[in-house]
Amino acid sequence: MKCFFIFLFLTTFNCFGQEVSEINTILRIPNTLQFEKEIRIYKDYSTLETIKILRMYDEGKNNWIVQIFWYSKSFKSVTKIDQIQFPKENLGKLIAKDGNLIWLNLLLTNIEFLPSMESIEYKLNTPYIDLEKGEQIIARRKTNIIDGNGYQVYIRNGKIKNNFSFNNAESYLKHFPKVDELISYNELLSILKKEFNL
């Protein structure tokens, strides 16, 4: 069962990784992060035919832009695009948002250093002592959560660049509340939901 989970996990993200370059081509954005401060998050809904992409970057002088794309896996095309520019002051009912503050909150989640979920797989099980052929051994009970959302994250902050993937972070955190990486993944998701409804 453990081998099946690892195979499924790696296959899902291997395919997703190959799709990123294809998606970027269709979105007409480069595969490399162009700006000194830029983040891209690809959210793959496992139960839908949609990938949602968030791109946030600073053009310079605190001029932040956010683009949100909806990509159809079936038709291999963009179905919707939203662009957000942060006004410097309140405009009627629109309250100014500070793009730099959002960026700093993202950095507080350790996003520059987070690993992919596959590298913390060893933390996502419960060890126990079992008997095998009359001998005591350490066995591991694995929690498999395979139906949910997968995320591929790319970030550049000056010279620091990172990319990682994770899935079902909310569900795994319920089972393993002390795993630092799961806490950071969920903090990241909380900011994205609050600020961009991602």
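Remember, predicted model here, so these are calculated numbers, not experimental data. (Residues numbered from 1 in each chain as written. Predicted model: local features only at pLDDT ≥ 70, side-chain atom pairs only at ≥ 80, totals over all residues. Heavy atoms only, no water.)

S.K.: Would you mind going over the side chain of Arg156 with me for this structure?
M.R.: Note that Arg156 resides in strand E7 (residues 149-157). By relative accessible area, Arg156 is classed as buried at 14%. One polar contact links Arg156 to Glu36, side chain to side chain, over a distance of 2.8 Å. Here Gly158 takes part through its backbone oxygen, which lies 3.1 Å from a polar atom of the side chain of Arg156. Excluding anything up to four places from it in sequence, Arg156 contacts Leu33, Gln34, Phe35, Glu36, Lys37, Glu38, Trp103 and Lys161. (Helix = DSSP H or I, 4+ residues; strand = E, 2+ residues; numbered from the N terminus. Buried < 20%, exposed > 50% of the residue type's maximum accessible area, 1.4 Å probe, protein only. Polar contact = N/O pair within 3.5 Å; in protein donor to acceptor, adjacent residues only side chain to side chain. Contact = heavy atoms within 4.5 Å.)

S.K.: Is there a simple way to think about the nonpolar core in this case?
M.R.: The nonpolar side chains of a soluble globular protein tend to be buried, and buried together. Met56 and Phe166 are the most contacted members of the largest nonpolar core, which totals 36 residues. Breaking this core down by element, the ones donating at least two residues are strand E1 (37-45), strand E2 (50-58), strand E3 (64-72), helix H2 (99-107), E7, strand E8 (160-167), helix H3 (169-175) and helix H4 (180-196). Looking at this core, the element that brings in the most residues is H4, giving 7 residues. (Core = buried A, V, L, I, M, F, W, Y, C linked by side-chain atoms within 4.5 Å.)

S.K.: Would you mind going over H4 with me for this structure?
M.R.: In an α-helix, one turn spans 3.6 residues; hence positions three or four apart end up facing the same way. With 17 residues, H4 extends 24 Å between its outermost C-alpha atoms, agreeing within 8% with the 24 Å of an ideal straight helix rising 1.5 Å per residue. When H4 is considered as a whole, its buried residues turn out to be Glu181, Leu182, Ser184, Tyr185, Asn186, Leu188, Leu189, Ile191, Leu192, Glu195 and Phe196. Looking one or two places after H4, you find Asn197, whose phi comes out positive at around 55°. (Expected span 1.5 Å × (residues − 1).)

S.K.: How should I be thinking about the packing of aromatic side chains in this particular structure?
M.R.: Given two aromatic rings, one states the distance between the centres and the angle between the planes to describe the pair. Applying the stated criterion across every chain, the model contains 7 aromatic pairs. Considering the side-chain rings of Phe166 and Tyr185, the 4.3 Å spacing of their centres and the 5° angle between planes classify their relative orientation as stacked. Of this pair, Phe166 sits in strand E8 while Tyr185 sits in helix H4, and the two are 19 residues apart along the sequence. A relative accessible area of 0% places Tyr185 in the buried class. An aromatic cluster is present here, built from Tyr151, Phe164, Phe166 and Tyr185 joined pairwise through their rings. The ring of Trp70 has Lys80 lying over it, and the distance from NZ or CZ to the ring centre is 4.6 Å. In this structure, Arg141 packs its charged tip against the face of Tyr128, placed 4.3 Å from the ring centre. (Phe/Tyr/Trp six-rings, centres within 6.5 Å; stacked < 30°, edge-to-face > 60°. Lys NZ or Arg CZ within 6 Å of the ring centre and 35° of its normal.)

S.K.: Quick question: what am I supposed to make of the packing of H2 against H4 here?
M.R.: Between two packed helices, the angle of one axis relative to the other and the distance separating the axes together describe the packing. Running from N to C, H2 and H4 cross one another at 160°; their axes reach a closest spacing of 9 Å. As far as their axial angle goes, H4 and H2 are roughly antiparallel. The two elements H2 and H4 meet at a crossing, and its hand is left-handed. Of H4, the residues touching H2 (which contributes Ile102, Asn105 and Leu106) are Leu188, Ile191, Leu192, Glu195 and Phe196. (Axes fitted to C-alpha atoms, helices over the stretch in contact; angles between N-to-C directions. Parallel < 35°, antiparallel > 145°, perpendicular 65-115°, else oblique. Left-handed = near helix turned anticlockwise from the far one by under 90°.)

S.K.: Would you explain the pairing of strand E6 (residues 135-142) in this entry?
M.R.: Every regular strand shows the same layout, with side chains that alternate between the two sheet faces. Pairing of strand E5 (residues 125-132) with E6, which is carried by 8 bridges, proceeds in the antiparallel orientation. By the bridge assignment for E6, Ile129 is matched with Ile138. Connecting E5 to the antiparallel partner E6 that follows it, the hairpin turn spans 2 residues, and Lys133 within it adopts a positive phi of roughly 55°. (Pairing = 2+ DSSP bridges.)

S.K.: What is the right way to read the layout of surface pockets from this model?
M.R.: A volume near 160 Å³ is recorded for the second largest pocket. Taken together, 13 residues line the second largest pocket, and the ones lying closest to its centre are Asn31, Thr32, Leu33, Tyr154 and Asn163. Mapped by element, the contributors of at least two residues to the lining of the second largest pocket are helix H1 (2-27), E1, E7 and E8. When its residues are assigned to classes, the lining of the second largest pocket shows 5 nonpolar, 5 polar and 3 charged. (1 Å grid on protein atoms, 1.4 Å probe; cavity = no way out; pocket = protein on both sides within 12 Å on 5 of 7 lines; lining within 4 Å. Points joined across faces, edges and corners; volume = space filled by probe spheres on them. Nonpolar A, V, L, I, M, F, W, Y, C, P; charged D, E, K, R; others polar.)

The analysis is restricted to geometry; functional conclusions fall outside its scope.
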